[in-house]
Amino acid sequence: MWTFTSEVEEYAAVAEPFLLGDPVRNTVPLTVLANLRAGMPAKDPLFGWWTVDGEVRGAVFRTPPHPIGMFSMPVEAVAPLVEALDRELPALVGPVELTSEAIRLLGKPGRAVSERLYRLGTLTMPDVPGRGRVAVPGDFPLLVSWYHAFHDEVEMPAADLAERAAQRLARRELFVWEVDEAPVSLAGLSPAAGGVCRIGPVYTPPSCRRRGYGAAVTAFASQTGLAERCDHVVLFTDLDNPTSNAIYQAIGYEPVSDYAHLTY
């Protein structure tokens, strides 16, 4: 059965041990949990866990305006979840076996984005002019403009992007690739959760694309993560973008599983 709460610590006490059983596949819920504990604001959050014979077998979360995250649960838990939420699932994200069941129950979504989770195997640094570095306060105006451009491009919900960029800058989570001392690309690296860091966003302005800068800054951020912050580095890609999928595989990222982001 499903049990729900709006209290993050109540959810964490029950769900976190379950999620840590597979920290790579559960990178998003574990990162969201870590961010909430660190003070990330969330209006009207909802957290839930699925139990069978008293044992936690699934978890779900909703932190508006972001989609409902159903990253880890058995397929048979999806229908009870849909009914428990009164079929009010305006957007959701999860593994394809779960989103396929949601589509069966809710009908065809207005928009569906196919994604793939990758985990870094053996890192290969690309031979690209320039150098990588951690972003510094002087980069802030540029980073905010790039954050807005990235969210406009991928059509993701965006709120308080300047504040988000400032927080990540202060925590040394943002990296740039620079050529002749001018930043040309950006990559973020989430804090470790369960020993796993996640790359994102990765953004290169259109005028600087097709020169390898995105691959270079991703490789540099990944290298820093493995050297200083975590045991594994992962990232998500849009499967409709064959270029990015090929680039990440070229620097050592290996497919883990496929996901879908549905909007109704």
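That block above? That's the structure.
Residues numbered from 1 in each chain as written. Predicted model: local features only at pLDDT ≥ 70, side-chain atom pairs only at ≥ 80, totals over all residues. Heavy atoms only, no water.

### Examining the nonpolar core
Cut-off, in case you're wondering: Side-chain atoms within 4.5 Å link the members of a nonpolar core, which is a set of buried Ala, Val, Leu, Ile, Met, Phe, Trp, Tyr and Cys residues. With a 1.4 Å probe rolled over the protein chains alone, any residue whose accessible area is under 20% of its type maximum counts as buried; one over 50% counts as exposed, and the rest are partly exposed. A run of H or I in DSSP counts as a helix once it spans at least four residues, and a run of E counts as a strand once it spans at least two, with each numbered from the N terminus. Whether two residues are in contact is decided by their heavy atoms: any pair within 4.5 Å suffices.
Formed by 26 residues in total, the largest nonpolar core has its most connected members in Phe 175, Trp 177, Ile 199, Tyr 213, Val 233 and Tyr 253. Contributions of two or more residues to this core are made by β6 (111-120), β8 (174-179), β9 (182-189), β10 (196-203), α7 (213-228) and β11 (232-238). Looking at this core element by element, the count peaks at seven residues for α7. When residues no more than four places from it in sequence are discounted, the contact partners of Val 233 are Tyr 118, Arg 119, Leu 120, Leu 189, Cys 197, Ile 199, Ser 222, Leu 226 and Tyr 253. Counting residues in hydrophobic clusters, the runner-up holds 22 residues, among them Tyr 11, Ala 15, Leu 30 and Val 56.

### What to know about the packing of aromatic side chains
Basically, it comes down to this: Geometry of aromatic contacts follows a simple scheme: Phe, Tyr and Trp rings, the Trp one being its six-membered ring, pair when their centres are within 6.5 Å, and the pair is stacked under 30 degrees between planes, edge-to-face over 60, tilted otherwise.
Tallying each qualifying case throughout the model produces nine aromatic pairs. On the basis of an interplanar angle of 50° and a centroid distance of 5.6 Å, the ring pair of Trp 2 and Trp 50 is categorised as tilted. One end of the pair, Trp 2, is in strand β1 (residues 2-5); the other, Trp 50, is in strand β2 (residues 46-52), and 48 residues separate them in sequence. Between Phe 175 and Phe 220, the aromatic rings sit 6.0 Å apart at their centres with planes inclined by 70°, giving edge-to-face as the arrangement. Taken together, the residues span a long stretch of sequence, with Phe 175 in strand β8 and Phe 220 in helix α7 at a distance of 45 residues. With respect to burial, Phe 175 and Phe 220 carry one shared label: buried. Through a chain of ring-to-ring contacts, the aromatic side chains of Phe 61, Phe 71, Phe 236 and Tyr 259 assemble into a single cluster.

### Some points on empty space enclosed by the protein
Spelled out, the test is: The pocket and cavity definitions rest on a 1 Å grid over protein atoms only: a 1.4 Å probe that fits but cannot leave marks a cavity, an open set with protein on both sides within 12 Å along at least five of seven lines marks a pocket, and residues lining either have an atom within 4 Å of a point. Grid points are joined across faces, edges and corners, and a volume is the space filled by probe spheres set on the points.
Taken as a whole and judged by the stated rule, the model has one cavity of 30 Å³ or more. The computed volume of the largest cavity comes to approximately 40 Å³. Within the residue set of the lining of the largest cavity, elements represented by two or more residues are β2 and β3 (55-62).

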